[in-house]
Amino acid sequence: MYIFMLPNCDIEWCRSKLRQTGCTSLSPMASSKAFQIKLVVFVGLLLVSKFKGMEENMMSENSYSYTDKTLTFPAPQIKYDVFVSFRGTDIRQGLLSHLIKAFHLKQVFAFVDDKLERGDDISDALFGAIEKSLISLIIFSQDYVSSRWCLEELVKIVECREKDGQTVIPVFYKVDPSDVRYQKGTFANVFAEHEERYDMIKVQNWRTALKNSADLSGFHSTNFRNDAQLVDQIVDFISSRLNDMHQVKSKGLVGIHKPIAQLESLMLKESEGVRVIGIWGLGGIGKTTIAEEVYNRMCAEFESCCFLANVRKESERDGIMSLKKKLFSTLLNEQNLRIDLPKGLPDYVEKRLGRMKVLIVLDDVNDSDQLETLIGARDWFGLGSRIIITTRDKQVLVGEAEEIYQVEALDCDESLELFILNAFKQNQFEMEYCELSRRVVKYAKGIPLVVKVLAQLLRGKRKDIWESQLEKLKRMPNKKVLDIMRLSYDDLDRQEQQIFLDIACFFNGLKLKLEYINVLLKDQDYAVAAGMERLKDKALIIISEHNIVSMHDIIQEMAWEIIKDGSAEYPGNQLRLWDSHDIYQGSEAIRSISFNFSAIKDLQLSQEVFAKMSKLRFLNFYSNISQEAMYSSDGLPSSWNKGLCLPQGLDSLSNEVRYLSWMHYPLDSLPTNFSAENLVILDLSFNRMEKLWCGVKNLANLRILRLYNSLHLTMLPDLSKARNLEILVIRKSFSFLYVHPSVFCLNKLEILDLGGCVSLRQLRSYIHLSSLRSLSLVGCVRLQDFSVTSENLEGLNLELTGIQQLPTSFGRQSKLETLHLGLSDIQSIPETIKNLTRFKYLSIRYCWNLRDLPELPPSLEYLDATGCTSLKTVLFPSSAALQLKENRKSILFWNCLKLDQHSLGAIELNARINLMKFAYQHLSSLTHDYYKDNDNEAIYVYPGSNVPKWLEYRTSHDYVNVDISSSAAPHSPSLGFIFCFIVPRILSDGFAFRFTISIAEVEGNNVKFYLEKPLEKIVSDHVFLVYDHRLTHFLNSRSNVEVQQRLKIKVAAVTQTGKSDYVPVKLKGFGISPIKASEYQNFIQKMELVDKRTKRAGSLTLVGNTSLERFCFQDQKTYFDFIQEINYVDGCWKFKHHQFTNYSYRYFI
């Protein structure tokens, strides 16, 4: 959350802004300085929310963004036809030399490592060559896996195959493929040595890459008489594959390499069984195109092939038996083949076919009965046969296909490239068409068919014709596209079609979960769950990983056209309305209304319109204007945006309504005769109501009640009969005073949001809420009396409240994960917080009255104590063993200048423990795809002017020389790097620091990372400690290739100001500490020693060979500082810097 501290802000101005938003009275406590500050901050938050709303709207309008502003699309930077990965002089001088000669004769440009230019970074050059190659040829020999670099090459090759669809061809040269695949024989011995030298995750990555690459179809040297024959076969195959790739490019196919590679992987060419692969997706998404390319590439590897196109259409026209005869006549190359059996084959056909390895593609299958007739039993076909089925209906493939590949839409760059290729027949075009092309691609949303149809429609046309066609698309989608899309709709039964139309015309875009839509559509005539599953299988709806139901825009437009076509002759019978022009005439038949009135200043309806709609079930009047434009200067809705007006009032509303969302509801309350018994979701945000209704209503079906920005609402009615209510939101209802006690009796209530209810003074329940998971009271600035508990509470937000103490029962909330107390009047935090085993996030920022922070649970990951100006004491677990159980990721003590020395020392020690542990845990995951890991950073910030002494390298300059000799050896383990920066006092406002880490004398190689800073000034020096996985990966990658044994590591820092400018910052200190696994283990031993000794008296006796020395210490920190002076070497504890350097001590007393 952003916090604006408004400069030179008058309290009366704050009062006026609160009055404008509906808060008409201020209590005497408003005279206090703390309350004045809180009002300023709260109004600032209101303004930020408005600006943020505007920004989000702007982002949503331009959400389909592009990375290439010039709209030029060069092909991928392919430099080589083939990358050859091999190991050993014998391979180089033997097989490889013949391959290179043959490649040259065939004009195949191959990369071999002797092409590296002098001075190249070996790893970067090799990996770059792999990325710039169309094909990778891997020659597996006896010595291949003994090379670390070969294995790293292999990992990169497999990565390029998975990411970019690169073709990978293995050659098993005098080795058994199964030995490679499963690391058996001599390979097992080599990997045993690897496991001793390298971390287990790196070795496992190598094993996985070997398995994945050895599973691919390739060449086995034992199958050839001599090397010459093997070389001929390899070169011929690569030449053929390169030719296929050229044809793909010449056909204008875009974004196809990755799906082809994934499909080829699913084919499992080495498997001898008959295998069926399904290709599933939306109409026009590219299923047939992908199947054709796979068929063309693989056909030569089979004894017979058949591509049966348009199975749906052909079977409807000529019958399924005609298709069956065509299929088997093609496979057996026999024109007069007679087949009369729908469910079987003649014996002589089955015998012949059973000896053949065949490839079959059945395109656009829409019924499982078609599969039963065409491909029947698997034993019809010979070993190694492959069958590919494309379909829009996933259910057709269930029980038939071993694997189902779902075709995804093109991304925006691919879509634009495809459009340009078809609209202009070149890779560049006049910039005047730039924005128009963006609009076309945004409309197509990644469906190749739509992109190509529109490109062909606009090709060669003037700019004004483009504009006209785009305007037409808003009203009437392209007929060719709709005809293809509609095939999926026509396959649905009547009930499924009705569910589909309900979603398209009403629910799409509401971001509702599947469970709510099932309840809303529940009907004695509808099998809703089965219907929704059917729509998902037909790719007509999308159900996200969070169970949100949505639909592609093109599919929605198709549904609108279906309804328009069906009601063209009888418009009064239209069941579903989404156009304001259709609403004026009410009709009994109307089922749903969804209308955006933000573009209309004043829409007036008579109450008779709704009186006629007795069957209305779903009603949604909404506006997409920003919050900033919601109100005029007097705090009332803007005159041009009064929404839908009812001059005569509203006497009735259909009791069948299940979903009622009416933004800017214009009346004081809902109609008195509205029963609400069927309501599932009620959303009356930005209303003018003074009360919802009178009395107690039967709300047994109500799941969600949202009353956001109810300016005049002071309390809720009795909700005791809303026994299924799950979500209650009354956010920013500034006059709201009182929560009805019935709310605390709702046993299914999970989310209660009262944020911004500035008039609310008390929230107290004597009933333990069993189901509540989230409670937000942020911005309830007058709230002081608070006592609500729930054993299932996961999130509690009390920011910007007047609460001084948490309830005594706070410790009972065992499932609590997040607690926000920022800008509140909290004075203390219960010690029982350390018992919350799931607790992860605590924000106490700007809690000016908080003086002590108790011990927090080991599960805590994030702590923000920024601006706690009274904080003096911070407690940590008394033993190192307990601190080693922690998993801290972000600990911030910005501007906590009253922290005592003991607390600062404890924070430093805790930072060391957690950062070293974090670094150690990440040492095993220093792979090429480190950037995919979202959990790659741990940071600590606290007041201080010195780099902690435990960091090995410390300086006041902007660079430091680090010895990397221990990690530069070929088989040395990786290092972790902990960084420290002393951030100076900064009196200007700003948002973040940016740090740039580079290596001297290495141009263009650096890593940037950011640290959020307080928006206000930083009043003193601060210590910033960080472990960043990207930095560690960067430095390790350099240590592997640099000749020198030391790296000169430089840092540059800037701060981003409120104007988004970057201003240089001179750091007061810089430190680095390399961390090895052995050092971490040594550190753990020392910490265990600390634990043992601190349990005894405050002294320590060292017994040596000839002496007895006694040392005293005051606490854990000073004892730990003493322990840092010794190392355990050869059974003895030896001092590093102490005056007794020459002594060795056998044990402690």
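Rules of the game
Residues numbered from 1 in each chain as written. Predicted model: local features only at pLDDT ≥ 70, side-chain atom pairs only at ≥ 80, totals over all residues. Heavy atoms only, no water. Helix = DSSP H or I, 4+ residues; strand = E, 2+ residues; numbered from the N terminus. Buried < 20%, exposed > 50% of the residue type's maximum accessible area, 1.4 Å probe, protein only. Contact = heavy atoms within 4.5 Å. Areas by Shrake-Rupley, 256 points an atom, 1.4 Å probe, with all protein chains shown as cover. Pairing = 2+ DSSP bridges. Expected span 1.5 Å × (residues − 1). Arc of directions from axis to C-beta. Polar contact = N/O pair within 3.5 Å; in protein donor to acceptor, adjacent residues only side chain to side chain. Axes fitted to C-alpha atoms, helices over the stretch in contact; angles between N-to-C directions. Parallel < 35°, antiparallel > 145°, perpendicular 65-115°, else oblique. Patch = residues over 30% accessible without salt bridge, like charges linked within 9 Å, V, L, I, M, F, W, Y side chains within 5 Å. Salt bridge = Lys/Arg side-chain N within 4 Å of Asp/Glu carboxyl O. Left-handed = near helix turned anticlockwise from the far one by under 90°. Nonpolar A, V, L, I, M, F, W, Y, C, P; charged D, E, K, R; others polar. Phe/Tyr/Trp six-rings, centres within 6.5 Å; stacked < 30°, edge-to-face > 60°. Lys NZ or Arg CZ within 6 Å of the ring centre and 35° of its normal.

With an unreviewed UniProt entry as reference, the protein is termed Disease resistance protein RPV1 isoform X2, source organism Arachis duranensis.

### Observations concerning the overall build of the protein
When its secondary structure is counted, the protein shows 32 helices and 47 strands. Across the 1149 residues in the protein, those meeting the buried criterion constitute 55%. For the protein, long-range pairs separated by at least 24 residues make up 64% of all intrachain contacts whose partners lie at least 6 apart in sequence. Accessible surface, the protein: about 51,400 Å² in total, of which carbon and sulfur atoms supply 48%.

### Describing the sheet that holds strand β5 (residues 219–220)
Strand order in the open sheet made by the five strands is β2-β1-β3-β4-β5, with parallel pairing throughout. With one partner strand each, in any of the chains shown, β2 (110–111) and β5 form the two edges of the open sheet. The sheet contact formed by strand β3 (residues 133–140) and strand β4 (residues 167–172) spans six bridges and is parallel. Counterpart to L137 in the pairing with β4 is I169.

### Focus on helix α21 (residues 479–490)
In this model α21 runs 16 Å from its N-terminal to its C-terminal C-alpha over 12 residues, within 8% of the 16 Å that 1.5 Å per residue would give. Among all positions of α21, only V481, L482, M485, S488 and Y489 are buried. Along α21, the residues classed as buried sweep out an arc of 105° about the axis, all on the same side. Taken together, the buried residues of α21 touch α19 (448–458), α22 (494–507) and α25 (553–566). Where α21 begins, the side chain of N478 points an oxygen toward the backbone nitrogen of K480, at a separation of 3.0 Å.

### A closer look at the packing of α22 against helix α24 (residues 528–537)
Two numbers describe a pair of packed helices, the interaxial angle and the distance between the axes. Viewed as axis vectors pointing N to C, α22 and α24 meet at an angle of 75°, and their least axial separation amounts to 9 Å. Comparing their axes, α24 and α22 come out roughly perpendicular. When α22 is examined against α24, the residues E496, I499, F500 and I503 are found in contact with a partner set consisting of V528, G531, M532, R534 and L535.

### Description of the sheet that holds strand β9 (residues 386–391)
If you trace the five strands from one edge of the open sheet to the other, you get β7-β8-β9-β6-β10, paired in parallel fashion. At either margin of the open sheet sits one strand with a lone partner, and together these are β7 (304–308) and β10 (403–406). Along the sheet, successive strands turn relative to each other by an average axial angle of 15°, direction set aside. Two strands pair when backbone bridges link them, and β7 and strand β8 (residues 358–362) are joined in this way by five bridges, in the parallel orientation.

### Concerning a nonpolar patch on the surface
Together, M715, L737 and Y738 make up a nonpolar patch on the protein surface, roughly 280 Å² of accessible area in all. Turning to its location among the elements, M715 is positioned in the loop between β20 (704–706) and β21 (727–729). With a relative accessible area of 37%, M715 lands in the partly exposed category.

### What to know about the side chain of R591
Here R591 is to be found in the loop between β13 (576–577) and β14 (592–596). By relative accessible area, which is 13% here, R591 ends up buried. If sequence neighbours within four positions are ignored, R591 has contacts with D502, L521, Y526, L575, R576, K615, L616, R617 and F618.

### Quick look at helix α14 (residues 320–332)
Residues that lie three or four places apart on an α-helix share one face, since the helix turns once every 3.6 residues. With 13 residues, α14 should cover 18 Å at 1.5 Å per step; its first-to-last C-alpha distance of 19 Å lies within 8% of that length. Buried residues of α14: L323, K324, L327, F328, S329, L331 and L332, and no others. Those residues of α14 that are buried are in contact with β7, α13 (311–318), α15 (347–353), β8 and α16 (368–374). One or two positions beyond α14, positive phi appears at N333, with a value near 55°.

### Concerning the packing of helix α8 (residues 186–197) against helix α9 (residues 200–214)
Where α8 meets α9, the axes come as close as 8 Å, and the angle between the chain directions of the two elements is 150°. As the angle between them shows, α8 and α9 are arranged roughly antiparallel. In terms of crossing hand, the pair formed by α8 and α9 is right-handed. Contacts from F191, H194 and E195 of α8 reach α9 at M200, V203, W206, R207 and L210. Grouping the amino acids of the contact of α8 with α9 by side-chain chemistry returns five nonpolar, one polar and two charged.

### Observations concerning unusual backbone geometry
For A539, which is not glycine, the phi dihedral falls at a positive 60°. With respect to the helices, strands and loops of the structure, A539 is situated in the loop between α24 and β11 (542–543). Classification of A539 as buried rests on a relative accessible area of 17%. A positive phi angle, close to 60°, is found at L823, a residue other than glycine.

### What about the packing of aromatic side chains?
In total, this model carries 44 aromatic pairs according to the counting rule given. Ring centres 6.3 Å apart and planes at 55° place the aromatic pair Y846 and W848 in the tilted group. Using a relative accessible area of 10% as the deciding quantity, one classes Y846 as buried. Ring pairs connect the aromatic residues W894, F979, F981, F993, F995, F1009, F1024 and F1070, which therefore count as one cluster. Of note, R994 hangs over the ring of Y1062, and the distance from its end group to the ring centre comes to 4.4 Å. In this structure, K1048 packs its charged tip against the face of Y959, placed 4.4 Å from the ring centre.

### A short note on the pattern of salt bridges
Inspection of the entire model under this criterion finds 43 salt bridges. In this structure, D683 engages R706 in a salt bridge whose closest nitrogen and oxygen atoms are separated by 3.3 Å. In this pair, D683 is assigned in strand β19 (residues 681–683) and R706 in strand β20, connecting sequence segments 23 residues apart. A salt bridge links K889 to E861; the shortest N-O distance between them is 3.5 Å. Of this pair, K889 sits in the loop between α27 (880–883) and β32 (890–892) while E861 sits in the loop between β29 (852–853) and β30 (862–864), placing them 28 residues apart in sequence.

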